[in-house]
Amino acid sequence: TPSYDEDVYNARMDMMFHSVMKIITLHRNMYPIRKLRILNLGDNVQGENPFQGSKIGSVRMGVRDQIAKLAFPAHAKLIASLKQEFESVTEECYGGNHGHERLAPETSRADFALYDVLQAYFADKKGITINIHEHFGDIISIQGFRFFCFHGDQIACHQGIPFFALNRKLDKWF
(Lines give C-alpha, C1' and ligand atoms only; values in the text may rest on other atoms or scores of the structure.)
Protein backbone atom coordinates (compact mmCIF):
# COMPACT_ATOMS: atom_id res chain seq x y z
CA THR A 1 0.00 0.00 0.00
CA PRO A 2 1.19 3.60 -0.46
CA SER A 3 1.28 4.02 3.34
CA TYR A 4 3.55 1.03 3.92
CA ASP A 5 6.75 1.78 5.80
CA GLU A 6 8.65 0.67 8.91
CA ASP A 7 6.03 2.07 11.31
CA VAL A 8 3.18 0.34 9.47
CA TYR A 9 5.15 -2.93 9.38
CA ASN A 10 5.77 -2.88 13.14
CA ALA A 11 2.20 -1.81 13.89
CA ARG A 12 0.88 -4.73 11.82
CA MET A 13 3.12 -7.19 13.67
CA ASP A 14 1.93 -5.82 17.04
CA MET A 15 -1.69 -6.03 15.87
CA MET A 16 -1.10 -9.64 14.81
CA PHE A 17 0.16 -10.54 18.29
CA HIS A 18 -2.80 -8.88 20.01
CA SER A 19 -5.31 -10.39 17.56
CA VAL A 20 -3.89 -13.91 18.01
CA MET A 21 -3.95 -13.56 21.78
CA LYS A 22 -7.53 -12.26 21.74
CA ILE A 23 -8.69 -15.32 19.78
CA ILE A 24 -6.61 -17.68 21.92
CA THR A 25 -7.96 -16.18 25.15
CA LEU A 26 -11.54 -16.72 23.99
CA HIS A 27 -10.81 -20.35 23.08
CA ARG A 28 -8.85 -21.00 26.28
CA ASN A 29 -12.06 -20.33 28.21
CA MET A 30 -13.33 -23.62 26.73
CA TYR A 31 -10.20 -25.79 26.42
CA PRO A 32 -6.42 -25.55 26.84
CA ILE A 33 -4.25 -24.43 23.94
CA ARG A 34 -0.60 -25.21 24.59
CA LYS A 35 0.96 -25.25 21.12
CA LEU A 36 0.91 -22.68 18.33
CA ARG A 37 1.59 -23.27 14.63
CA ILE A 38 2.21 -20.22 12.48
CA LEU A 39 1.70 -20.66 8.73
CA ASN A 40 3.85 -17.92 7.18
CA LEU A 41 3.18 -17.83 3.44
CA GLY A 42 5.77 -15.22 2.51
CA ASP A 43 6.11 -11.61 1.37
CA ASN A 44 7.65 -10.57 4.68
CA VAL A 45 9.83 -8.03 2.87
CA GLN A 46 9.11 -5.80 -0.13
CA GLY A 47 12.33 -6.35 -2.01
CA GLU A 48 13.60 -3.99 -4.70
CA ASN A 49 11.86 -5.22 -7.86
CA PRO A 50 9.93 -2.42 -9.61
CA PHE A 51 7.59 -5.02 -11.17
CA GLN A 52 6.42 -5.93 -7.65
CA GLY A 53 5.57 -2.42 -6.54
CA SER A 54 9.01 -1.14 -5.54
CA LYS A 55 9.11 2.16 -7.38
CA ILE A 56 12.47 3.90 -7.53
CA GLY A 57 12.66 6.42 -4.71
CA SER A 58 9.74 4.90 -2.78
CA VAL A 59 11.66 2.11 -1.04
CA ARG A 60 13.41 3.50 2.00
CA MET A 61 15.84 0.60 2.37
CA GLY A 62 17.28 -2.20 0.29
CA VAL A 63 16.35 -5.83 0.77
CA ARG A 64 19.31 -6.51 3.10
CA ASP A 65 18.20 -3.77 5.48
CA GLN A 66 14.56 -4.80 5.08
CA ILE A 67 15.56 -8.18 6.49
CA ALA A 68 18.17 -7.18 9.09
CA LYS A 69 16.70 -3.92 10.40
CA LEU A 70 12.96 -4.45 9.97
CA ALA A 71 11.65 -7.96 9.37
CA PHE A 72 14.03 -9.92 11.61
CA PRO A 73 13.59 -7.78 14.74
CA ALA A 74 9.81 -7.65 14.25
CA HIS A 75 9.46 -11.41 13.67
CA ALA A 76 11.85 -12.31 16.50
CA LYS A 77 9.83 -10.09 18.86
CA LEU A 78 6.55 -11.66 17.70
CA ILE A 79 7.79 -15.25 18.07
CA ALA A 80 9.40 -14.57 21.46
CA SER A 81 6.23 -12.85 22.71
CA LEU A 82 4.07 -15.75 21.54
CA LYS A 83 6.43 -18.26 23.15
CA GLN A 84 5.67 -16.67 26.53
CA GLU A 85 2.04 -17.70 26.02
CA PHE A 86 2.57 -21.27 24.67
CA GLU A 87 4.61 -24.36 25.50
CA SER A 88 5.81 -24.45 21.91
CA VAL A 89 5.69 -22.27 18.83
CA THR A 90 6.36 -23.74 15.39
CA GLU A 91 6.52 -21.54 12.32
CA GLU A 92 6.09 -23.08 8.88
CA CYS A 93 7.82 -20.72 6.42
CA TYR A 94 7.27 -20.38 2.67
CA GLY A 95 8.88 -17.98 0.21
CA GLY A 96 6.85 -15.20 -1.34
CA ASN A 97 7.38 -13.46 -4.65
CA HIS A 98 8.46 -10.07 -3.27
CA GLY A 99 12.21 -9.96 -2.94
CA HIS A 100 12.67 -12.51 -5.71
CA GLU A 101 13.87 -12.09 -9.26
CA ARG A 102 12.27 -14.44 -11.81
CA LEU A 103 15.61 -15.54 -13.26
CA ALA A 104 17.13 -16.31 -9.85
CA PRO A 105 16.90 -19.75 -8.25
CA GLU A 106 13.80 -20.41 -6.12
CA THR A 107 15.93 -20.54 -2.98
CA SER A 108 17.19 -16.97 -3.47
CA ARG A 109 13.88 -15.45 -2.35
CA ALA A 110 14.42 -12.77 0.31
CA ASP A 111 11.98 -14.51 2.64
CA PHE A 112 14.35 -17.49 2.84
CA ALA A 113 17.18 -15.23 4.02
CA LEU A 114 14.86 -13.95 6.78
CA TYR A 115 13.86 -17.50 7.74
CA ASP A 116 17.51 -18.62 7.81
CA VAL A 117 18.35 -15.85 10.28
CA LEU A 118 15.29 -16.66 12.42
CA GLN A 119 16.15 -20.36 12.38
CA ALA A 120 19.72 -19.67 13.49
CA TYR A 121 18.59 -17.21 16.17
CA PHE A 122 16.04 -19.58 17.70
CA ALA A 123 18.08 -22.79 17.18
CA ASP A 124 19.00 -23.16 20.85
CA LYS A 125 15.71 -21.82 22.25
CA LYS A 126 13.59 -24.62 23.70
CA GLY A 127 10.06 -24.83 22.32
CA ILE A 128 10.62 -22.71 19.20
CA THR A 129 10.93 -24.37 15.79
CA ILE A 130 11.33 -22.65 12.42
CA ASN A 131 10.61 -24.99 9.49
CA ILE A 132 11.64 -23.68 6.07
CA HIS A 133 9.80 -25.07 3.03
CA GLU A 134 11.94 -24.31 -0.02
CA HIS A 135 9.60 -25.72 -2.65
CA PHE A 136 6.24 -24.59 -4.01
CA GLY A 137 4.03 -25.99 -1.25
CA ASP A 138 3.49 -28.65 1.37
CA ILE A 139 0.70 -30.32 3.23
CA ILE A 140 0.88 -29.53 6.92
CA SER A 141 -1.02 -31.71 9.41
CA ILE A 142 -2.44 -30.00 12.48
CA GLN A 143 -4.63 -31.89 14.93
CA GLY A 144 -5.61 -34.38 12.22
CA PHE A 145 -6.50 -31.70 9.67
CA ARG A 146 -4.41 -31.30 6.53
CA PHE A 147 -3.61 -27.87 5.12
CA PHE A 148 -2.10 -27.31 1.68
CA CYS A 149 0.19 -24.30 2.19
CA PHE A 150 1.72 -22.29 -0.63
CA HIS A 151 2.26 -18.65 -1.55
CA GLY A 152 0.38 -18.73 -4.83
CA ASP A 153 2.46 -16.44 -7.05
CA GLN A 154 3.28 -19.40 -9.29
CA ILE A 155 -0.34 -19.57 -10.47
CA ALA A 156 -1.08 -17.17 -13.32
CA CYS A 157 -4.45 -15.39 -13.36
CA HIS A 158 -7.15 -16.71 -15.65
CA GLN A 159 -9.41 -14.17 -17.38
CA GLY A 160 -8.02 -11.52 -14.99
CA ILE A 161 -9.50 -13.22 -11.92
CA PRO A 162 -7.10 -15.07 -9.59
CA PHE A 163 -9.82 -17.28 -8.10
CA PHE A 164 -10.59 -19.07 -11.39
CA ALA A 165 -6.93 -19.98 -11.94
CA LEU A 166 -6.49 -21.03 -8.32
CA ASN A 167 -9.63 -23.16 -8.39
CA ARG A 168 -8.58 -24.86 -11.65
CA LYS A 169 -5.04 -25.53 -10.34
CA LEU A 170 -6.30 -26.95 -7.05
CA ASP A 171 -8.72 -29.23 -8.90
CA LYS A 172 -5.81 -30.58 -10.97
CA TRP A 173 -3.66 -31.15 -7.87
CA PHE A 174 -6.51 -32.87 -6.04
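Before reading on, note that the structure itself is shown above.
What counts and how
Residues numbered from 1 in each chain as written. Predicted model: local features only at pLDDT ≥ 70, side-chain atom pairs only at ≥ 80, totals over all residues. Heavy atoms only, no water. Axes fitted to C-alpha atoms, helices over the stretch in contact; angles between N-to-C directions. Helix = DSSP H or I, 4+ residues; strand = E, 2+ residues; numbered from the N terminus. Parallel < 35°, antiparallel > 145°, perpendicular 65-115°, else oblique. Left-handed = near helix turned anticlockwise from the far one by under 90°. Contact = heavy atoms within 4.5 Å. Nonpolar A, V, L, I, M, F, W, Y, C, P; charged D, E, K, R; others polar. Buried < 20%, exposed > 50% of the residue type's maximum accessible area, 1.4 Å probe, protein only. Pairing = 2+ DSSP bridges. Expected span 1.5 Å × (residues − 1). Polar contact = N/O pair within 3.5 Å; in protein donor to acceptor, adjacent residues only side chain to side chain. Core = buried A, V, L, I, M, F, W, Y, C linked by side-chain atoms within 4.5 Å.

Visitor: I'm lost on the packing of helix 2 (residues 63-83) against helix 3 (residues 110-122) in this one. Help?
Guide: Axes are the key here: two packed helices are described by the angle between their axes and the distance separating the axes. Relative to each other, helix 2 and helix 3 sit at 45°, their axes nearing to 10 Å. Considered as vectors, helix 2 and helix 3 are oriented oblique to each other. The handedness of the crossing between helix 2 and helix 3 is right-handed. Here V63, I67, A71, F72, H75, A76, I79 and A80 of helix 2 come into contact with helix 3, specifically with A110, A113, L114, V117, L118, Y121 and F122. When its residues are assigned to classes, the contact of helix 2 with helix 3 shows 14 nonpolar, one polar and no charged.

Visitor: Quick question: what am I supposed to make of the side chain of S88 here?
Guide: Mapped onto the secondary structure, S88 falls in strand 2 (residues 88-94). The contact partners of S88, leaving out residues within four places of it in the chain, are R34, K35, L36 and G127.

Visitor: Explanation requested: the environment of D14 in the structure shown.
Guide: By the secondary structure assignment, D14 is in helix 1 (residues 6-28). When its relative accessible area of 33% is taken as the criterion, D14 is described as partly exposed. A C-alpha to C-alpha distance of 8.6 Å links D14 and A74, two positions 60 residues apart in sequence.

Visitor: Is there a simple way to explain the sheet that holds strand 1 (residues 35-40) in this structure?
Guide: In a beta sheet, neighbouring strands are held together by backbone hydrogen bonds and run either parallel or antiparallel to one another. Strands sit in the order 1-2-3 across an open sheet of three strands; the sheet is parallel. Edge positions in the open sheet fall to strand 1 and strand 3 (128-133), since each of these has one partner strand only. Direction aside, the axes of adjacent strands within the sheet are offset by 15° on average. Both strand 1 and strand 2 contribute to a ladder of six bridges, which runs parallel. Residue pairing in the sheet places R37 in a bridge with T90 of strand 2. Contacts from helix 2 reach strand 1, strand 2 and strand 3, with the element oriented near 150° to strand 2. Strands strand 1, strand 2 and strand 3 of the sheet are contacted by helix 3, whose axis makes an angle of about 155° with strand 3.

Visitor: How should helix 3 be read in this particular structure?
Guide: Residues spaced three or four apart along an α-helix point in a common direction, a consequence of the helix completing one turn every 3.6 residues. A rise of 1.5 Å per residue sets the reference length of helix 3, with its 13 residues, at 18 Å; its end C-alpha atoms lie 19 Å apart and thus fit the reference within 8%. Among all positions of helix 3, only A110, D111, F112, L114, Y115, L118 and F122 are buried. Residues of helix 3 that are buried sit in contact with strand 1, helix 2, strand 2 and strand 3.

Visitor: Help me out: how do you make sense of the side chain of E92 in this one?
Guide: Tracing the backbone shows E92 in strand 2. Looking at E92, its side chain comes within polar contact range of the side chain of N131, at 3.1 Å. Sequence-distant contacts of E92, defined by excluding residues within four places in its chain, comprise R37, I38, L39, N40, N131, H133 and I140.

Visitor: Would you mind going over the nonpolar core with me for this structure?
Guide: Side chains of a nonpolar character, in soluble globular proteins, are inclined to be buried together. Core analysis: the biggest nonpolar cluster contains 30 residues, and L82, F86 and L118 have the highest contact counts within it. Tallying contributions element by element places helix 2 first for this core, with nine residues. For F86, the contacting residues outside a window of four places in its chain are M21, I24, R28, I33, R34, K35 and L36.

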